[in-house]
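Take a look at the letters that make up each chain.
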Amino acid sequence: MIRIRFPRGVTPPAWLADGGEDVQVTDDPAVIALEEEKNTERQRAAVDRVLRPRFERAWSAGDPLFHLVSVETRAGCNHNCSFCPVSRSVDPRPPGELDLAVIELIARQLGELGYDRRIALFGNNEPLLDARLPEIVGVFRRACPAAELRVLTNGILARTALVAELFEAGLSTLTINNYTDGSRVIAPVRELVAEAGRLRHHDIRISVRRRTEVLTTRAGLAPNKPRPSAGPHGFCALPFTDLHISYTGEVNLCCFDAHGKVRMGDLAETPLVEIWRSALFAHHRSALLRSGRAELDLCRHCDFDGFRDPAPTASRPLTRDDILLSGSIDP
């Protein structure tokens, strides 16, 4: 099914109804969270109040593994979004792609762990620029048959045949950030809607967004949002849940470290679990639990609200609204 969400106050175009029961306009934040539903001061406070104790208990009781592995298979993007530090016109990184042998190494190590959570085959890039992507999806699906494989794309290259090929290779969910003026739908998305019957058994989610959004500071790298004079404080769950692998084969602190300033380890030298349990990761987690972001070079410039679901295997994902509306979450 294709599920599509528009910004609040935008009326969906009438032609969407042509997709019939295989196309659904949704406002469920558990399916697609709007950017306006993220990263407010109230949410940062709720993450600090509600989620910090939850993660502190989990990590004092053991050494949990990541909930999400992000694999950036190549550099580069084919779009210019004003909030992005690696868009087509401003990306300072050299071109390149993650060697297929390293991709197979990552998949093999995850398979040996029996990994069954989320694998995101994208990072700070446009994943559909990688012609190997269907093959890569297959590599991870064979190694991790129970994992949730996701791709997030701007949709410019999302032709029906390619989308079908990705799902046939083992993709679980395709999410498209449809960047226009926040109301128009790009031609490839219209094509997918027209072919919705062919795609009815697949999980396709489309978020209609503005290319000129002002989002987070992206750890001080966002071109259209200056660093605040007084940096944000409080907890962030990302180093407790996410393992972000750059196209260089290095593990970076998190997805907001788009330029790879805080390198946690190199997969050519160290297994991913050892990197995850390294002293450098432990230092960042300890600081975030103890005093928030002030001690950390990258984090002190970041105003991301710090939200991640502490129990991603639940039947319904936790949303930001859940923690705003309750003083605590179930242990």
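How each quantity is defined
- Going along each chain's sequence as written, the residues are numbered from 1 onward.
- This being a predicted model, a pLDDT of at least 70 is required before a residue's local features are given, and a value of 80 or more before pairs of side-chain atoms are given or counted; all residues contribute to the totals for chains, interfaces and linings.
- Think of the side-chain values as coming from all heavy atoms in the structure, minus any hydrogens and water.
- Only rings of Phe, Tyr and Trp enter the pairing, Trp through its six-membered ring, and a pair is recorded when the two centres are within 6.5 Å. The plane angle decides the type: under 30 degrees is stacked, over 60 is edge-to-face, the rest tilted.
- Each helix is a run of H or I in the DSSP string that is no shorter than four residues. Each strand is a run of E no shorter than two, and both are numbered from the N terminus.
- By definition, being over a ring means that NZ of Lys or CZ of Arg is both within 6 Å of the ring centre and within 35 degrees of the ring normal.
- Salt bridge, as applied in this entry: a Lys or Arg side-chain nitrogen positioned within 4 Å of an Asp or Glu carboxyl oxygen.
- Working definition: with a 1.4 Å probe on protein chains only, accessible area under 20% of the residue-type maximum means buried, over 50% means exposed, and in between means partly exposed.
- In what follows, a contact means two residues having at least one pair of non-hydrogen atoms within 4.5 Å.
- N or O atoms within 3.5 Å of each other form a polar contact, as long as, within protein, one can give a hydrogen and the other can take it, and as long as residues adjacent in sequence are counted only when both atoms are side-chain atoms.

## A short note on the packing of aromatic side chains
Right, so step 1: On inspection of all chains with the given rule, the structure shows 10 aromatic pairs.
Right, so step 2: With a centroid separation of 5.8 Å and an interplanar angle of 55°, the aromatic rings of Phe83 and Tyr179 are classed as tilted. Taken as a pair, Phe83 in the loop between β3 (68-71) and α2 (100-112) and Tyr179 in strand β6 (residues 173-180) lie far apart in primary sequence, 96 residues in all.
Right, so step 3: Aromatic ring contacts, followed pair by pair, group Phe55, Trp59, Phe66, Tyr115, Phe235, Phe240, Trp276 and Phe281 into a single cluster.
Right, so step 4: One Lys or Arg, Arg190, reaches over the ring of Trp15 and ends 4.1 Å from the middle of that ring.
Right, so step 5: If you follow Arg285 out to its NZ or CZ, it ends over the ring of Trp276, 4.2 Å from the centre.

## Topic: the pattern of salt bridges
Right, so step 1: Tallying each qualifying case throughout the model produces 25 salt bridges.
Right, so step 2: In this structure, the salt-bridge partner of Arg8 is Glu36, at a minimum N-O distance of 3.6 Å. Placement of Arg8 in the loop between β1 (2-5) and β2 (23-25) and of Glu36 in the loop between β2 and α1 (41-61) is noted, with a sequence separation of 28 residues between them.
Right, so step 3: What makes Glu36 partly exposed here is its relative accessible area of 42%.
Right, so step 4: The residue Glu35 makes a salt bridge to Lys38 at a minimum N-O spacing of 3.1 Å.

## Focus on unusual backbone geometry
Right, so step 1: One non-glycine residue, Asn39, lies in positive phi territory at about 65°.
Right, so step 2: In this structure, Asn39 sits in the loop between β2 and α1.
Right, so step 3: You can call Asn39 buried: its relative accessible area is 17%.
Right, so step 4: Its identity is not glycine, yet Arg218 carries a phi of approximately 50°, on the positive side.
Right, so step 5: Mapped onto the secondary structure, Arg218 falls in the loop between β7 (203-210) and α6 (238-241).
Right, so step 6: Judged by relative accessible area, Arg218 falls into the buried class, the value being 14%.

## Topic: the environment of Glu148
Right, so step 1: Of note, Glu148 is situated in strand β5 (residues 148-153).
Right, so step 2: Its relative accessible area of 24% is what places Glu148 among the partly exposed residues.
Right, so step 3: Setting aside anything within four residues of it in sequence, one finds Glu148 in contact with Arg117, Arg118, Ile119, Ser172 and Thr173.
Right, so step 4: A polar contact is formed between the side chain of Glu148 and the side chain of Arg150, at a distance of 2.6 Å.

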